[in-house]
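Notes for the structure review
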Amino acid sequence: MLTTATIGNPATHASNLTGAEFAVVDRDGSPRGARDIVLWEPPLEDDDLDEAADDPLADFEAARASTGTEAATVTAHLAAHDTQTLQFCSARQGTEIAAKQIVRAAADHPLDPYVETEPYHAGLGKKRRRAVENKLKGADLDAVPTTNALELGIDIGSVDATVTAGYPGTKQSFWQQVGRAGRGVSDAVSVLVGGTDAMDGYIFRNPGYLFDDDTVEDAVVSVDNDRVYADHVLAAAAERPLSAGDAAYLGDETRFREVVSMWQDAGVLEPAGDLDAGGVTYDGDRRPQSRLSIYGTGTTEFRVVCRDGDIDHDPVARERAYRDYHVGALFLHAGQQYQVVDIDEDRRPVITVETVATDEYTQTMSTKRVQDLSVREHTPLAGDYGLYFGEGTVRIRYDEYLVRNVFGGEVVEGPIPTEAPPLDLETELLWVALPEGHAEQTIEALEAPLLEPTARAERDGAVPDAKAMYTYGGGLHAAEHGVIGLAPLELMIDNADIGGLSTPSHGHETIPGPTWFVHDGIDGGIGFSKAIYEHFESLARRTREYIDSCDCRRRRGCPMCVMSEHCGNNNDPLDRATGTMILDDVLAAFEG
C-alpha cells in the first residue's frame, strides 16, 4: 500500500516506483470545516517601470510591492488577531528573511502587537527543528515562516491560517499547505500572495486552475539515473539477499545483473553469490543507505563550519555549493547572517563561514555550454525543425555575483568575480532544433522595431551586439524561459531543478540552425526534461498564448511571463514579440 497527496497519475507513478500494479482509492471521507481561500496580488506601479533598464528584473521588483513584504504583513495581521499562522516560503533563506519581516510588519501594525515568531527549515539542526515543532503545538509561537518542510508528515497540531508567499509550483504542494490549517471540523483561512514568476501570473489570471480537479499535475520520476540506481540496489541487498526475481522490481534484467556484477567485483556484494541459485548477499559497510544523499545525486557534500562560533547546518551538495556558497556569498541561517570566507575541496570538503551584520544577500550569475550530446529520442517535425531528447554535458560557470538589498532587492554592488571552477553536469536534456536561416527570416518578418542592446549586454561577449541578432536572441531566450516557467502547470516538477540555454548556433549534427535546450539541473538527470519532451507541444501552445497576452505589454517582458529569477545572465536579452513568432513556427511544424 502506498499513500500520496493529490497527483494526476497515482497508479502509474506507484508502478514506476515499485514495478507492481496498483488500484487507486481516491475518496476522501475526512471531516472538514469551512475554509476561505484568498488570492492577494501585490500592487504594481506601472509608471515606475523602465523598459530599457540594465537590470530588468530588479526594475520590475522595485515597481511592484514585494511578495515577501506583503506576505509578512498578512501574517502579522493574522497573528495580531490571535490567529496562529504558518507562512510558507520557497527557500530556506526566505524563511529567515520572513521572520525579520514579520517582526517589522507587527511593529507597524495599528494594534502594535507582540508577535512571537521563529523560522523553520530543513537546514536547521534536528534539535532546533523539534523545539519549533513543540512551540507550535503548545501555542507558544504566533507565526512560523517555513519551507515545504512543514507541508506534511510532521505533527504540529492544528494552526488557524496559512499564508503562501508565491505559488509553490504545484497544485499538490499548494493544497498540502492549505491543509495544514483548520484540521478536523475547525474553520480556517488560507492566503496566496502572488509571487513574481510566470506560474503566479498564470494562476492570478486564471484562478479557476487551482480549483479544477481535471488539471492535477502528473508526478514525474526517473529510474534511469545509474548512480542512484546502483546505490538503491545495495540498499535492497542489505534488506535480504538479491535473486533473479528482483529484476522485476529493480529495473530490467540486463541492467540489474550488470549492477550486481559491478558490486560483486568491488567486493561490496558477496563475490560467490548467484542470483539464480541461493541469491547474492550484502557484504559491505553496516548501512549502505548512508550512501544515499537527500541533498543531491552526487557523492560530494560540503560540511559547513563557522570560524567565529557554532553553526548547525546540514551538508551542502556540490551543485548548490558552487551556486550559493562561493567565497563572498551572503546568506541567513537560523536568524543569523553569514558570509562564506573559504571553500576547501580536499578529501573532506568544507565551507567556512563567519557571522556578519548586514541587510544584504548575494545572487550568483552563470554562463553555460552544452557539449557531448547523444540522442535517445527524436520527434521529427515539418521542414528542418526537430525535437530531441538525450544526454549531454552541461558545463556551468558560476562566475559572477551581485550583492542585493534584502528588503528592496536593488543591486548594491557587482558584478563581482567568484573565481569558482566550472561545474560539469552529465545530465538529461531536450533541445529544439530550428532551420538554418531561421533568425534572418524571423527578423525580416518582425513588424516591431529592433531592440537596442543594453549596456550590460554590450559588456557581455556572449550576447550578440548587432540589433537584429540581439533581438532574435531575445526571442529565443523568451521561448526557452516561457516553456520552463509554465511546465509545472502540467507536470509535477520544480523549476529550480531545471536549467536552459538558447544559442543562435551549435555544432551538433542534429542542429542546423538556432536552438534552445532544457536540461535537468541534477547530475545524471531526474526525469524532468524527459517529461517536458513528452508534453512539449501542449506546453509550447500554452506558453505562446500566455506570453503573448501578458498584462505587462512590455517587449522585454516581466517576471510574470518570461523573466526568471534563476536566469544566469540577468534576463538579458528577452523579447516577447520575437519569442511568440518562434513558438508559432515550432507549433506550425508540429502540425505539418
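Residues numbered from 1 in each chain as written. Predicted model: local features only at pLDDT ≥ 70, side-chain atom pairs only at ≥ 80, totals over all residues. Heavy atoms only, no water.

Along its length, the protein chain carries 17 helices and 18 strands. The C-alpha extent of the protein chain, read off along each of the three principal axes, is 75 × 65 × 55 Å. For the protein chain, the residues scored as buried account for 50% of the 592 residues in total. Looking at the protein chain alone, contacts between residues at least 24 apart form 69% of all its contacts between residues at least 6 apart. Of the roughly 26,900 Å² of accessible surface on the protein chain, 46% is carried by carbon and sulfur atoms. (Helix = DSSP H or I, 4+ residues; strand = E, 2+ residues; numbered from the N terminus. Buried < 20%, exposed > 50% of the residue type's maximum accessible area, 1.4 Å probe, protein only. Contact = heavy atoms within 4.5 Å. Areas by Shrake-Rupley, 256 points an atom, 1.4 Å probe, with all protein chains shown as cover.)

It is worth spelling out the packing of aromatic side chains at this point. All chains considered together, the criterion is met by 12 aromatic pairs. Their ring planes at 75° and their centres at 5.2 Å tell us that Phe174 and Trp175 sit as a pair that is edge-to-face. We classify Phe174 as buried; its relative accessible area is 1%. Look at Trp175 and you get partly exposed, because its relative accessible area is 31%. Between Tyr388 and Trp431 the ring centres are 5.5 Å apart and the planes differ by 10°, which places this aromatic pair in the stacked class. Placement of the pair is Tyr388 in strand 13 (residues 386–405) and Trp431 in strand 15 (residues 423–433), with a sequence separation of 43 residues. Of the two residues, Tyr388 and Trp431, neither departs from the other in class, the shared state being buried. Over the aromatic face of Tyr209 sits the side chain of Lys171, whose NZ or CZ is 5.1 Å from the ring centroid. One residue, Arg255, lies across the ring of Tyr229, its end atom 3.8 Å from the ring centre. (Phe/Tyr/Trp six-rings, centres within 6.5 Å; stacked < 30°, edge-to-face > 60°. Lys NZ or Arg CZ within 6 Å of the ring centre and 35° of its normal.)

Next up on the list: the pairing of strand 9 (residues 330–333). Burial of strand 9 is two-sided: the residues Leu330 and Leu332 facing one way and the residues Phe331 and His333 facing the other way are all buried. In sequence, strand 9 turns back onto strand 10 (residues 336–344) through a hairpin of two residues, with Ala334 there showing a positive phi of about 50°. (Pairing = 2+ DSSP bridges.)

On the surface, Glu45, Asp46, Asp47 and Asp48 cluster together to form a negatively charged patch. With a relative accessible area of 52%, Asp46 lands in the exposed category. (Patch = residues over 30% accessible without salt bridge, like charges linked within 9 Å, V, L, I, M, F, W, Y side chains within 5 Å. Salt bridge = Lys/Arg side-chain N within 4 Å of Asp/Glu carboxyl O. Lys, Arg positive; Asp, Glu negative; His and termini not counted. Charge placed at Lys NZ, Arg CZ, Asp CG, Glu CD.)

Moving on, we come to the nonpolar core. Trp516, Ile532 and Phe536 are the most contacted members of the largest nonpolar core, which has 58 residues in total. Looking at this core element by element, the count peaks at seven residues for helix 14 (residues 467–486). Each residue touching Phe536, except ones within four places of it in the same chain, is listed here: Leu387, Leu430, Val432, Val483, Trp516, Val586 and Phe590. Listed in part, the 28 residues of the second largest apolar core include Ala329, Val340, Leu373 and Leu501. (Core = buried A, V, L, I, M, F, W, Y, C linked by side-chain atoms within 4.5 Å.)

To continue, consider the packing of helix 14 against helix 17 (residues 576–591). At a minimum axis distance of 7 Å, the contact between helix 14 and helix 17 shows a crossing angle of 65°. If you check the angle between helix 14 and helix 17, you find them roughly perpendicular. For helix 14 against helix 17, the interelement crossing comes out right-handed. Taken together, the residues of helix 17 that come into contact with helix 14 (itself represented by Thr471, Tyr472, Gly475, Leu476, Ala478, Ala479 and Val483) are Thr578, Gly579, Ile582 and Leu583. Partitioning the contact of helix 14 with helix 17 into residue classes produces seven nonpolar, four polar and no charged. (Axes fitted to C-alpha atoms, helices over the stretch in contact; angles between N-to-C directions. Parallel < 35°, antiparallel > 145°, perpendicular 65-115°, else oblique. Left-handed = near helix turned anticlockwise from the far one by under 90°. Nonpolar A, V, L, I, M, F, W, Y, C, P; charged D, E, K, R; others polar.)

Along the polypeptide, Thr454 turns up in the loop between helix 12 (438–445) and helix 13 (455–459). Using a relative accessible area of 6% as the deciding quantity, one classes Thr454 as buried. Within the structure, the side chain of Thr454 is placed 2.4 Å from the side chain of Asp572, a separation counted as a polar contact. (Polar contact = N/O pair within 3.5 Å; in protein donor to acceptor, adjacent residues only side chain to side chain.)

On to the sheet that holds strand 3 (residues 143–146). Taken in spatial order, the five strands of this open sheet run 1-5-4-2-3, and their pairing is parallel. In this open sheet, the two strands that pair with only one neighbour each are strand 1 (35–40) and strand 3. When strand polarity is set aside, the average angle formed by the axes of neighbouring strands in this sheet is 15°. In this structure, strand 2 (residues 85–88) lies alongside strand 4 (residues 161–165), joined through four bridges in parallel fashion. Each bridged residue has a counterpart across the sheet, and for Gln87 the counterpart in strand 4 is Val163.

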